[in-house]
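Report on the structure
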Amino acid sequence: MQYQLKINGETRTVDAEPGTPLLWVLRDELQLTGTKFGCGVAYCGACTVHVDGYPTRSCQTFVEDAVDSEITTIEGATDKVAQAVQEAWREKDVVQCGWCQSGQIMSAIGLLTENPRPTDEDIKDYMNGNACRCVTYVRINQAIKLASQKLEA
Amino acid sequence: MNINVSRRGFLKASAAGTTALLVGINAKGVLAAGSTAAAATDLNPFVKIDADGTVTVIIKHFEMGQGTTTGLTTLVAEELDANWDTVVPEFAPADVERYKNLFFGAQGTGGSTSIANSFMQYREAGAAARDLLMRAAAQSWGVDASTITVENGMLSSGGKSGHFGEFVAIAATLSPVEKPAVKTPDQFKLIGSDKLHRKDNTGKTNGTAMFAMDVNLPGMIYAAIIRSPKFGGTVVSFDDSAAKDVGGFIAAQVLPNKAGVVAFGKNTWAAFQARDALSVEWDFSAAETRSTDAMIADHVALLDAPQFDANHEVPLASVAPILEGAAKTIDAQFTFPFLAHAPLEPENCTIEPVGDGVRVHDGCQFPTLTRPMVAATLGIDPSKVEIRTLYAGGSFGRRANAASDYNVEAAMAFAVSGRKVPVKLVWSREDDIKGGYYRPMSAHRAKIGLDADGKIVGWDHRLATKSIAKGGPFEMMVQNGVDPTSVEGVAESLYTLPNMGIGLSDFTTPVPINWWRSVGHTHTGFVMESLMDMVATETGQDPIEMRLAMLDPAGANQARMIEAIKLVREISGWQKGDKRGFAAHFSFNTCVAVVADVTVEDTTVHVNKLFMAVECGVAINPDVIRAQMEGGAGYALSAIFRNEVTLTDGEVDQYNFPDYELLRNPEMPEIEVAIVSSNNAPTGVGEPGVPPTGPAVANAIFAQTGKRILDLPMTKAGFDFV
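What you see is a predicted model, and the numbers here were worked out from it, not measured in a lab.

The rules behind each value
- Residues numbered from 1 in each chain as written.
- Chains lettered and ligands numbered in written order.
- Predicted model: local features only at pLDDT ≥ 70, side-chain atom pairs only at ≥ 80, totals over all residues.
- Helix = DSSP H or I, 4+ residues; strand = E, 2+ residues; numbered from the N terminus.
- Rg over C-alpha atoms; globule rule 2.2 N^0.38 Å.
- Buried ≥ 20, exposed ≤ 12 C-beta atoms within 10 Å, placed from the backbone.
- Contact = placed C-beta atoms within 7 Å.
- Nonpolar A, V, L, I, M, F, W, Y, C, P; charged D, E, K, R; others polar.
- Pairing = 2+ DSSP bridges.
- Axes fitted to C-alpha atoms, helices over the stretch in contact; angles between N-to-C directions.
- Domains from an automatic or database assignment.

So, on to the overall build of chain B. Across its full length, chain B holds 18 helices and 29 strands. Taking 2.2 N^0.38 as the reference for a compact globule, 722 residues should give roughly 27 Å; the C-alpha atoms of chain B span a radius of gyration of 27 Å, in line with that estimate. Within chain B, the fraction of its 722 residues that count as buried is 58%. Restricting to contacts in chain B with at least 6 residues of sequence separation, those with at least 24 account for 76%.

So this is what it looks like as structure tokens:
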């Protein structure tokens with residue numbers, strides 16, 4: 001089947017079987033490999049993208065359900081909040097292996113878009129769904145705080 | 001930033017511009033220089049300096065997050081007095097002669113050795129390059145080389161100055177000095193600096209960093225494998241009629257070694273779906289069919305009759321009479337489960353046909369194993385196997401194993417596919433959790449004899465576990481039947497422990513096992529530091545004072561450990577009678593001491609804060625060291641809290657993260673890491689944070705509840721965690 005997807009502001013046409021997770025369409029068909037595969041059961045958050053502005057697990061989003069939505073991947077995360085988050089991530093040297101970090105960043109952008117001044121508890125609650133096997137959580141939380149300050153400035 | 005990888009690409013990129021200076025070692029292992037203009041040189045460089053002044057550091061180790069690309073880059077940039085912002089890392093090709101780990105004699109990463117083995121080698125390469133540039137500038141300017149100063153990528157003399165790139169053409173014609181002078185620690189500007197940022201933190205925050213699973217090649221097909229549900233089973237027959245209904249399915253074939261059936265698809269999803277639709281008949285005659293309870297019982301039974309003495313100075317048999325005469329004994333038995341490494345990027349590998357050979361795209365941890373294993377699988381010469389090392393989405397030891405299991409699977413899949421198009425093998429998370437290569441199960445039993453004054457007079461220590469080294473290329477590590485990775489952490493304890501006998505038994509099972517971040521120390525550290533806490537409790541001693549008294553400061557590592565313990569005592573404000581937990585452990589030549597602050601309400605445990613102090617020699621990148629301590633501690637927490645791989649009739653019970661739960665963001669305690677100031681040679685940091693964390697938490701739980709954790713994970717003792 002052919003599907004038209006709105007990804008990072010562009011309309012892309014892809015050939016995919018119905019029921020294919022958006023994750024694999026992004027990675028294998030569109031070469032948008034910044035979105036990662038971690039578990040396939042929406043339990044680790046590595047595949048997080050924004051669908052109509054909300055952090056969404058692309059491994060559990062069928063391609064046919066995404067056709068009318070605006071999809072943003074890490075490659076297209078360029079707005080003010082995204083920039084603040086990415087800068088904060090670099091300043092705090094959050095990353096280790098890096099595999100989960102696209103998903104962490106997409107969730108963090110979602111958090112700060114909804115709640116520009118999150119408390120420590122807000123951050124932990126919101127980021128609970130994004131697992132990091134290298135355990136960079138201390139720095140993730142510091143970076144979100146820093147990004148929040150940058151946006152306020 | 002992206003890292004270019006292949007030697008071919010590397011030389012081509014250089015040839016497109018003007019001459020670049022290469023400094024490294026030649027086939028004889030001697031420092032040598034050359035230029036990309038004379039590409040026939042047998043030189044494989046550590047440093048490349050382009051005409052535009054860009055400095056490329058060739059990274060002989062892989063990057064799984066531990067920070068090696070930043071660390072090795074720092075070593076070269078320091079000695080070169082380069083501008084940090086214009087120094088870029090690039091992964092080395094497979095070439096054991098030039099890029100071997102000096103501790104292994106093989107090209108590979110592991111044992112927390114990357115910085116330690118490269119420390120002088122990379123600094124000398126940087127220093128040699130600096131010297132060549134100075135002499136070239138002297139020649140160019142007609143001044144004496146001694147008048148030249150180098151700073152931030154610029155050379156200056158009198159009123160003249162120029163950047164590195166302006167002198168590479170001349171420098172490439174000069175011979176490097178045999179033994180370049182390196183800086184003394186007081187001259188370091190980058191080593192030890194807290195201002196350097198990780199070299200991989202741009203690519204890993206904007207989605208451009210290339211990992212193995214991100215490889216997309218023209219014409220590539222995707223592969224997924226169904227493996228025996230019981231370890232050691234083989235394929236009798238299979239039926240792919242249901243797979244034929246899967247859109248994008250290409251074909252299914254038995255692997256040549258009969259360990260599984262591979263399904264090919266037009267994309268990863270099709271390969272997964274088709275694989276799941278296969279129905280396979282298995283031969284389980286050589287398979288593991290026991291359940292976990294029986295396997296634990298078999299480990300414990302092995303403790304009754306140890307097979308090998310691991311301490312030759314004190315045979316185990318000699319300890320019993322001493323314990324007979326002891327005023328009191330402490331007895332304890334511990335058990336540990338299988339653990340999965342669960343790197344967040346599941347195992348994957350792409351094999352690409354190139355001429356009469358192949359290119360392996362992999363987050364390759366051990367090229368010296370992978371290259372011949374892939375070659376043998378394909379029946380080609382190892383020289384026909386090129387390895388393109390990409391970022392690895394974690395490993396924790398999983399990607400280095402004697403069987404090169406997933407590389408060989410990819411090669412088998414490529415072989416049965418007809419060898420015409422690239423094949424990408426991808427493991428699902430279920431494949432990873434159920435796929436073996438676990439941290440081995442183990443059991444320990446100790447009997448410690450105390451005299452009337454509470455002093456240790458004898459120690460009978462027995463353990464049973466499956467050997468990691470036996471039966472493979474690491475067999476040469478085995479001494480008199482003892483695999484050092486089974487007993488490390490007990491056998492070379494830093495404490496003064498009189499009359500300690502150590503008996504080892506090898507457990508056998510078809511379940512493949514492997515090193516898991518900190519290897520034997522994952523269980524020996526927990527056992528030793530729990531036992532030390534038991535001795536302290538039994539004898540009414542402060543756990544820290546007691547340990548300090550058992551460390552002889554005349555020993556170099558003991559002296560380092562004393563420093564680490566004193567530092568953690570200071571930062572944690574430890575008091576006598578403290579209700580927190582303490583543990584310290586020496587592993588990979590590094591000393592780490594931990595104080596764990598824990599709250600227990602009924603059976604619910606909350607770790608509030610961890611204090612860690614580390615002595616790892618000179619701190620190259622202090623922030624990377626702190627990050628590794630944070631990560632090592634967190635990696636230990638999910639394991640001791642709740643992780644275990646269990647078997648029922650030989651089949652793994654867990655399937656994915658819902659029942660193999662990683663540590664979550666809200667569960668990570670506050671953490672404070674202090675680094676002992678040291679000018680000792682640098683030692684490992686990737687693994688040593690793991691071993692002392694678990695027992696520090698367990699000892700804190702004991703301090704709060706009086707309940708001793710003996711069987712892991714702690715959920716077995718009825719605890720849960722928030």
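The interface of chain A with chain B comprises 46 residues on the first partner and 48 residues on the second. Going through the elements one at a time, helix H1 (22-29), helix H2 (80-91), helix H3 (101-114), helix H4 (120-127) and helix H5 (137-152) of chain A are the ones with two or more residues in the side of chain A that touches chain B. The class makeup of the residues in the side of chain A that touches chain B is 22 nonpolar, 15 polar and 9 charged.

Residue and element names in this part refer to chain B. Taken together, the 5 strands give an open sheet; going across it, the order is E2-E1-E3-E4-E5, and neighbouring strands pair in mixed fashion. The outermost strands of the open sheet, each flanked by one partner alone, are strand E2 (31-35) and strand E5 (87-91). Within this sheet the neighbouring strands show an average axis-to-axis angle of 25 degrees, counted without direction. As judged from the 5 bridges shared by strand E1 (residues 21-25) and strand E3 (residues 44-49), these two strands associate in the antiparallel manner. Opposite isoleucine 25, over in E3, you have asparagine 44 as the bridge partner. On top of the sheet, helix H2 (residues 68-80) reaches E3, strand E4 (55-59) and E5; it is set at about 135 degrees to E4, its chief contact. Here helix H4 (residues 114-141) sits on the sheet in contact with E1, E2 and E3, set at roughly 140 degrees to E1.

Below, the discussion takes up the domain arrangement of chain A. Residues and elements named next belong to chain A. One can read the domain layout of chain A as domain 1 (2-74) and domain 2 (80-152). The straight-line distance from the C-alpha centre of domain 1 to that of domain 2 is 21 Å. Where the side of domain 1 that touches domain 2 is concerned, the elements lending two or more residues are strand E3 (48-51) and strand E4 (54-57). Ranked by residue count, the leading element in the side of domain 1 that touches domain 2 is E3, at 3 residues. Tallied by class, the residues present in the side of domain 1 that touches domain 2 amount to 7 nonpolar, 6 polar and 1 charged.

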